[in-house]
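Observations on the three-dimensional arrangement
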Amino acid sequence: MGFHQNASDGVSQRVNSPRFSGPMTRRAHSFKRGNAGGNSHSNGGGKGTGGFDPHYEIDVHLNSPRSEIGGSPVSGDGFDGILERKQPQQVNQRFHGGVVKNQSKKHVGSAVLDLGLRERKKLGHWMFFLFCGVCLFLGVLKICATGWFGSAIDRIGSNQDFSYPHNTHLNEMDKRAHDYGYREEGNDVERTLMMVASGVVNSQKSMAENSDIWSKPNSENFTQCIDQPRIHKKLDSRTNGYILINANGGLNQMRFGICDMVAIAKVMKATLVLPSLDHTSYWADDSDFKDLFDWQHFIEALKDVVHIVETLPPDYAGIEPFTKTPISWSKVSYYKTEIVPLLKQYKVIYFTHTDSRLANNGLPPTIQKLRCRVNYQALKYSTLIEELGNTLVSRMREGGNRYIALHLRYEKDMLSFTGCSHNLTAEEDEELRTMRYEVSHWKEKEINGTERRLLGGCPLTPRETSLLLKGLGFPSSTRIYLVAGEAYGNGSMQYLMNDYPNIFSHSTLSTEEELRPFKNHQNRLAGLDYVVALQSDMFLYTFDGNMAKAVQGHRRFENFKKTINPDKMNFVKLVDDLEAGKITWKKFSSKVKKLHKDRVGAPYLRESGEFPKLEESFYANPLPGCICEAATTTTTTTAKR
């Protein structure tokens with residue numbers, strides 16, 4: 001739950017609510033004392049008791065802190081000295097140019113004068129203490145309003161956090177964006193596009209524009225370095241044989257596998273046949289390589305590096321391929337010593353799997369650079385995907401806006417695979433557990449989701465994601481492109497959409513006609529999201545899956561565009577402390593900013609591990625290998641993700 005602190009200086013501090021517009025106290029009109037001589041008038045100097053002179057007349061208590069006797073300052077003997085110098089019946093006093101007369105009729109002032117000297121002194125002291133007490137009370141009240149009770153006040157205004165009630169136009173925008181967000185009906189899409197074009201959702205963009213929350217990390221000493229040298233060995237026209245592959249997994253896992261297979265074909269001096277894709281994964285997408293990628297560009301971009309053909313030549317079409325599953329995380333030596341002899345023997349070899357078949361580290365520099373050339377230059381999405389992707393980017397930037405691409409990996413398959421069910425119902429948790437047991441190739445079945453979450457192994461929930469964005473300082477007007485499928489759980493998106501109503505997706509930004517070629521093709525939609533995420537002003541991912549790895553690595557390669565990698569383990573502890581009332585919102589936000597100060601996608605060397613699975617993915621961070629430090633720099637930035 002978010003909290004908002006809205007303290008101001010001075011007496012006009014708002015104390016009851018951030019929305020309360022009145023001051024805490026009312027200030028009396030100031031009085032300027034006259035400094036001319038002879039401020040006191042004698043009895044004969046007045047205008048008489050029956051009327052008033054041009055100066056208004058008021059009765060004052062002699063013990064008032066604002067009173068003066070005879071225009072003289074209060075002497076060191078205090079109120080006793082004043083009383084000794086008073087006239088028996090009449091006391092004349094000039095107050096802001098007006099004459100104050102204390103006449104001899106009975107009133108409260110006469111009652112005070114009738115008291116004894118000791119009693120009058122005591123009464124004066126009590127009045128002084130009372131005045132000081134009131135001042136002290138008001139001061140304490142101000143401190144409580146902004147400090148001790150701040151979290152309670154913030155809780156009152158949490159639903160209005162980052163909203164601006166004086167802007168009724170914005171409130172209308174929030175409601176409309178909430179009504180239209182994440183829907184697929186044609187009318188809703190049209191109205192959403194009208195909202196984007198009209199600039200209704202842009203009313204507060206200046207707040208975020210002027211903040212450093214959008215600033216990219218410093219990368220001035222780093223540059224891309226994957227181009228072939230001017231003088232290089234020409235590609236040998238001879239080949240050791242042909243490699244057939246079936247790229248398995250989702251879009252980005254297949255993408256990584258294809259990059260590895262091109263590099264392996266280079267190592268083996270083999271010819272790669274245009275890859276076939278997995279149609280049996282969770283998404284069951286029947287799209288082929290030509291549907292997802294510009295296949296002609298793929299072959300042309302790599303023609304000087306490795307042989308790639310569309311299909312097997314007729315002379316080899318009748319050969320039964322030798323089937324082989326390469327060992328995961330292998331080095332170049334494995335393919336040269338164990339696979340090349342098989343290829344030479346059988347002429348055609350079929351790799352059943354492509355995922356993680358090359359190590360992240362310990363490969364020749366030429367092979368690492370080739371992997372990046374394939375990933376960032378050769379694997380260009382099809383014209384259909386690229387054009388609509390660029391159209392969606394333009395719509396997100398309508399009116400000069402910036403936007404966040406949020407990879408909210410809170411989908412059913414991921415939650416089931418990881419065993420994470422925080423904030424879900426018992427029925428939903430059981431549904432995820434059942435699915436996990438039904439998928440035979442998921443090896444881990446019994447999972448302690450609570451423990452895994454505390455270790456940072458779960459995707460952030462939509463609610464936790466909202467708290468992260470608010471903690472980092474993004475206002476509710478921030479535009480968000482959702483890079484994900486349908487979030488799992490009844491009403492799970494409600495909290496995020498309430499806090500950030502300007503959430504869009506390919507479904508809400510596209511027309512029905514534009515999305516028709518993508519219907520029931522999850523890999524094509526994933527490619528569409530990839531294009532929009534790559535060009536975003538900030539990329540935030542809530543789980544370190546293949547999409548997160550692919551996009552963040554590409555953004556590093558493209559001059560280190562800002563990418564937030566949440567410290568999930570420490571962040572969820574802060575969330576739990578906030579919900580338990582152990583820390584205030586102000587403290588929470590401060591800790592969130594500090595926690596992610598060095599996790600914005602800045603350059604740092606890829607982290608190795610004791611085992612390949614513990615290493616940082618080459619495709620998540622192609623430094624070193626594809627990004628080089630300028631020669632003028634002697635040290636490497638070690639900023640965290």
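Below is a short write-up of the structure.

Parameters at a glance
Residues numbered from 1 in each chain as written. Predicted model: local features only at pLDDT ≥ 70, side-chain atom pairs only at ≥ 80, totals over all residues. Heavy atoms only, no water. Helix = DSSP H or I, 4+ residues; strand = E, 2+ residues; numbered from the N terminus. Buried < 20%, exposed > 50% of the residue type's maximum accessible area, 1.4 Å probe, protein only. Contact = heavy atoms within 4.5 Å. Patch = residues over 30% accessible without salt bridge, like charges linked within 9 Å, V, L, I, M, F, W, Y side chains within 5 Å. Areas by Shrake-Rupley, 256 points an atom, 1.4 Å probe, with all protein chains shown as cover. Salt bridge = Lys/Arg side-chain N within 4 Å of Asp/Glu carboxyl O. Axes fitted to C-alpha atoms, helices over the stretch in contact; angles between N-to-C directions. Parallel < 35°, antiparallel > 145°, perpendicular 65-115°, else oblique. Nonpolar A, V, L, I, M, F, W, Y, C, P; charged D, E, K, R; others polar. Expected span 1.5 Å × (residues − 1). Arc of directions from axis to C-beta. Core = buried A, V, L, I, M, F, W, Y, C linked by side-chain atoms within 4.5 Å. Pairing = 2+ DSSP bridges. Right-handed = clockwise from strand over helix to strand, strands pointing away. Lys, Arg positive; Asp, Glu negative; His and termini not counted. Charge placed at Lys NZ, Arg CZ, Asp CG, Glu CD. 1 Å grid on protein atoms, 1.4 Å probe; cavity = no way out; pocket = protein on both sides within 12 Å on 5 of 7 lines; lining within 4 Å. Points joined across faces, edges and corners; volume = space filled by probe spheres on them. Disulfide = S-S within 2.5 Å. Left-handed = near helix turned anticlockwise from the far one by under 90°. Polar contact = N/O pair within 3.5 Å; in protein donor to acceptor, adjacent residues only side chain to side chain.

**Some points on the overall build of the protein**
When helices and strands are tallied, the protein shows 24 helices and 15 strands. Burial analysis of the protein (641 residues in total) assigns 48% to the buried set. For the protein, restricting intrachain contacts to residue pairs at least 6 apart in sequence, the fraction spanning at least 24 positions comes to 78%.

**Quick look at a nonpolar patch on the surface**
Where nonpolar side chains cluster on the molecular surface, the patch consists of Trp 126, Phe 128 and Phe 129 and spans about 400 Å² of accessible area. In this fold, Phe 129 is placed in helix α3 (residues 117-146).

**A few points about the packing of helix α17 (residues 462-472) against helix α24 (residues 585-595)**
Interaxial distance between α17 and α24 falls to 8 Å at its minimum, and their mutual angle equals 85 degrees. As judged from the angle between their axes, α17 and α24 are roughly perpendicular. Across the interface between the two elements, Leu 467, Leu 468, Lys 470, Gly 471 and Leu 472 of α17 pack against Trp 585, Phe 588, Ser 589, Val 592 and Lys 593 of α24. The class makeup of the residues in the contact of α17 with α24 is six nonpolar, two polar and two charged.

**Comments concerning helix α15 (residues 426-438)**
The end-to-end C-alpha separation of α15 is 19 Å, in line with the 18 Å expected for 13 residues at 1.5 Å each. Taken as a whole, α15 has its buried residues at Glu 428, Leu 432, Met 435 and Arg 436. Seen from one end, α15 has its buried residues packed into an arc of 105 degrees, which puts them on one side. Opposite the buried face of α15, by more than 90 degrees, sit the exposed residues Ala 426, Glu 427 and Glu 438. Turning to α15, the residues buried within the fold contact α14 (412-418).

**Overview of the nonpolar core**
The tendency in soluble globular proteins is for nonpolar side chains to be buried as a group. In terms of nonpolar packing, the biggest core is built from 83 residues, with Ile 243, Met 268, Phe 298, Leu 302 and Phe 351 touching the most fellow members. Among the elements that make up this core, the one with the highest residue count is helix α8 (residues 251-268) (12 residues). Residues Trp 214, Leu 424, Ile 503 and Phe 588 belong to the second largest nonpolar core, which totals 40 residues.

**Notes on the pairing of strand β13 (residues 538-541)**
Residues Met 538 and Leu 540 of β13 are buried on one face, and the alternating residues Phe 539 and Tyr 541, pointing to the opposite face, are buried as well. Looking at chain direction, β13 and strand β14 (residues 563-564) are connected through two bridges and run parallel. Along β14, the bridge assignment pairs Leu 540 with Ile 564. Taken together, β13, helix α22 (residues 546-557) and β14 form a β-α-β motif whose crossover is right-handed.

**A look at a positive patch on the surface**
A grouping of Lys 233, Lys 266, Lys 269, Lys 336, Lys 344 and Lys 347 is seen on the molecular surface, where their side chains present a positively charged patch. With respect to the secondary-structure elements, Lys 347 resides in the loop between α11 (332-346) and β9 (348-351). Residue Lys 347 is classed as partly exposed on the basis of its relative accessible area of 37%.

**Side note on the layout of surface pockets**
A water-sized probe, rolled over the atoms, reveals where empty space remains. Approximately 730 Å³ is the volume found for the second largest pocket. Along the wall of the second largest pocket there are 27 residues; nearest its centre are Gln 228, Lys 233, Lys 266, Val 305 and Thr 366. Of all the secondary structure elements, the ones that give two or more residues to the lining of the second largest pocket are α8, α11 and α12 (365-378). Looking at the lining of the second largest pocket, the element that brings in the most residues is α12, giving five residues. A class-by-class count of the residues in the lining of the second largest pocket yields 12 nonpolar, four polar and 11 charged.

**Structural notes on unusual backbone geometry**
Residues Leu 623 and Pro 624 are joined by a peptide bond in cis, for which omega reads 5 degrees. Phi at Asn 423 is positive, roughly 70 degrees, even though this residue is not glycine. Positionally, Asn 423 belongs in the loop between α14 and α15. In this model, Asn 559 sits at a positive phi of 65 degrees, which is unusual for a non-glycine residue. With respect to the secondary-structure elements, Asn 559 resides in the loop between α22 and β14.

**Looking at the sheet that holds β13**
Taken in spatial order, the five strands line up as β12-β11-β10-β13-β14 in an open sheet, and their pairing is parallel. Each having just a single partner strand, β12 (503-504) and β14 make up the two edges of the open sheet. Bridge count for strand β10 (residues 403-407) against β13 is four bridges, and the pairing is parallel. Bridge pairing in β13 places Leu 406 opposite Leu 540. This element, helix α13 (residues 383-396), spans β10, β11 (479-482) and β12 of the sheet and lies at about 160 degrees to β11. Where helix α21 (residues 522-534) meets the sheet, its contacts fall on β10, β11 and β13, and the angle it forms with β11 comes to roughly 150 degrees.

**Observations regarding the state of the cysteines**
Applying the stated criterion across every chain, the model contains three disulfides. Across the disulfide, Cys 372 is cross-linked to Cys 626 (sulfur-sulfur distance 1.8 Å). Taking the sign of the S-S torsion, 90 degrees for the link of Cys 372 and Cys 626, the bridge is right-handed. Of this pair, Cys 372 sits in helix α12 while Cys 626 sits in the loop between α24 and β15 (627-629), placing them 254 residues apart in sequence. With respect to class, Cys 372 is no different from Cys 626; both count as buried. Here Cys 420 connects covalently by a disulfide to Cys 458, the sulfurs 1.9 Å from one another. Linking Cys 420 and Cys 458, the disulfide has an S-S dihedral of approximately -85 degrees and is accordingly described as left-handed. Remark: Cys 458 occurs in the loop between α16 (449-454) and α17 and Cys 420 occurs in the loop between α14 and α15; sequence separation between them is 38 residues. Here Cys 259 is not disulfide-linked; the sulfur of Cys 372 is the nearest cysteine sulfur, at 8.2 Å. Given the relative accessible area of 0%, Cys 259 is considered buried.

**Some words on the packing of α21 against α22**
What describes two packed helices is the angle between their axes and the distance between those same axes. The contact between α21 and α22 brings their axes to 10 Å, and the two run at 35 degrees. For the crossing formed where α21 meets α22, the hand is right-handed. Between α21 and α22, the contacting residues are Ala 526, Asp 529, Tyr 530, Ala 533 and Leu 534 on the first element and Met 547, Ala 550, Val 551, His 554 and Arg 555 on the second. When the residues that make up the contact of α21 with α22 are grouped by side-chain class, the tally is seven nonpolar, one polar and two charged.

**Some details on the pattern of salt bridges**
Enumeration according to the criterion identifies 20 salt bridges in this entry. With a closest N to O distance of 3.0 Å, Asp 260 and Arg 371 form a salt bridge. Taken together, the residues span a long stretch of sequence, with Asp 260 in helix α8 and Arg 371 in helix α12 at a distance of 111 residues. Accessibility assignment for this pair places Asp 260 and Arg 371 in one class, buried. Taken together, the shared-partner salt bridges in this structure form one network comprising Arg 409, Glu 411 and Asp 413.

**Things to note about the side chain of Asn 360**
Here Asn 360 is to be found in the loop between β9 and α12. Relative accessible area serves as the criterion here: at 4%, Asn 360 is assigned to the buried category. A distance of 3.4 Å separates the side chain of Asn 360 from the side chain of Glu 615, its partner in a polar contact.

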